[in-house]
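# What the coordinates show
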Amino acid sequence: MSKTIELAKHLEKLHTNNMYKSDFYWTWDKTDEELDAIFTVADALRDLRERNKSTRIFDSGLGISIFRDNSTRTRFSFASACNLLGLTVQDLDEKKSQIAHGETVRETANMVSFMADVIGIRDDMFIGEGHKYQKTFMDAVKEGYRDGILEQQPTLVNLQCDVDHPTQCMADMLHIIHQFGGVENLKGKKLAMTWAYSPSYGKPLSVPQGVIGLMTRFGMDVVLAHPEGYDVMPEVEEIARKNAQATGGSYRKVATMEEAFDGADIVYPKSWAPFAAMEERTKLYQAGDQKGIDELEKKLLAQNANFKNWSCTEEMMKRTKDGKALYLHCLPADITGLSCPEGEVDNSVFDRYLVPLYKEASYKPYIIAAMILMSKVKDPVAALMAMDGGDKRKLF
């Protein structure tokens, strides 16, 4: 029996009917079994790919990508996922569209979706705006389908918003699951999600929020650490607390990186901007106050510089369990002595974890493909079994 068939049999036991024709906004919108299904299908698709089996569930159609912020890994992961399933990717470059001439979101959504099966959107820069844009876009698509403008209803994959980065955090989680030999081995493990110094400004909050909103669902001891003033959204922290209570794990905040790293099994040192400052930046952006945005940037860079000791150094790593905690990062990291004079992580630490870091990133195309498959295929178990018994990929 192949690994894919074993995974399909596990998938058959899960309650996933609500995933069909559904959008993927935040991980906490999904049940435990639905998240399990994404991990299961991602592993199955990877197994099929490694065995050179065709995984094309589409013979035509588009995956529309809309990146309102820069991206390398997520952009190529979305393209890879769509191609894996048989979709062609078309990127909406807003500078080349009619948006600059006053085209509304509703009009854009319908015009790009005539033959689209999935829409991937990244909009993470402004608090209160990213998720709202994704929701507005998809509401317009649903109206277009309802009104007979579109022959099919595309579904959304959130490629990062101001609240969550589900494709990144689920790829991180699948990496953790494999590194520790299964979900059953994660209970009681300590994961430290810590702020780290960066010489740049305005990094989104969606990764730390996504991490505490997801990792607390697996019975782990999740610790959030940041300097005073670098808070994340309080509503996401409340989700983390409720998750921990439900799974027998814990969620707590500490004031120092040292305390977070002490005895940790997994560390995730990553810079982000203060929630209050990001709210202020959104107001300045809405007012068209570029001078105010520039002044805020100078202020926050100076504030960051007060916490250069918040860095993942060799000494800091020695505080972790046996000095060998799993180091995670969504990439690119600010690497001391390589990409910047002082940053989030020492070059020696980063270099030592280079292979596992790249493996961590390699799960993202399969996570995205699994999200697409579960939203577009009514019987995913039958689909996986058909792929397993189907044709090889054609290599000429």
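One structure accompanies this document, and this report is about it.

Conventions we followed
Residues numbered from 1 in each chain as written. Predicted model: local features only at pLDDT ≥ 70, side-chain atom pairs only at ≥ 80, totals over all residues. Heavy atoms only, no water. Helix = DSSP H or I, 4+ residues; strand = E, 2+ residues; numbered from the N terminus. Rg over C-alpha atoms; globule rule 2.2 N^0.38 Å. Contact = heavy atoms within 4.5 Å. Phe/Tyr/Trp six-rings, centres within 6.5 Å; stacked < 30°, edge-to-face > 60°. Buried < 20%, exposed > 50% of the residue type's maximum accessible area, 1.4 Å probe, protein only. Expected span 1.5 Å × (residues − 1).

### So, the overall build of the protein
Broken down by element type, the protein carries 16 helices and 11 strands. Taken over the C-alpha trace, the protein has a radius of gyration of 21 Å; the compact-globule value for 396 residues is 21 Å, and the two agree within 12%. In terms of overall dimensions, the protein has C-alpha extents of about 55 × 55 × 45 Å along its principal axes. The long-range share in the protein, meaning contacts at least 24 apart out of those at least 6 apart in sequence, stands at 83%.

### So, the packing of aromatic side chains
Enumeration according to the criterion identifies 9 aromatic pairs in this entry. Residues F126 and Y285 carry aromatic rings whose centres are separated by 4.0 Å and whose planes lie at 15° to one another, so their mutual orientation is stacked. Of this pair, F126 sits in the loop between β3 (116-123) and α5 (130-146) while Y285 sits in helix α10 (residues 275-286), and the two are 159 residues apart along the sequence. Overall, Y285 belongs to the partly exposed group, its relative accessible area being 44%. Between W195 and F307, the aromatic rings sit 6.2 Å apart at their centres with planes inclined by 85°, giving edge-to-face as the arrangement.

### Description of α10
In this model α10 runs 17 Å from its N-terminal to its C-terminal C-alpha over 12 residues, within 8% of the 16 Å that 1.5 Å per residue would give. Inspection of α10 places F275, A277, M278, R281, T282 and L284 among the buried residues, and these make up the whole buried set. Buried residues belonging to α10 abut α8 (234-247) and α11 (290-304). Trailing α10 by a residue or two, G288 shows a phi angle of about 70°, which is positive.

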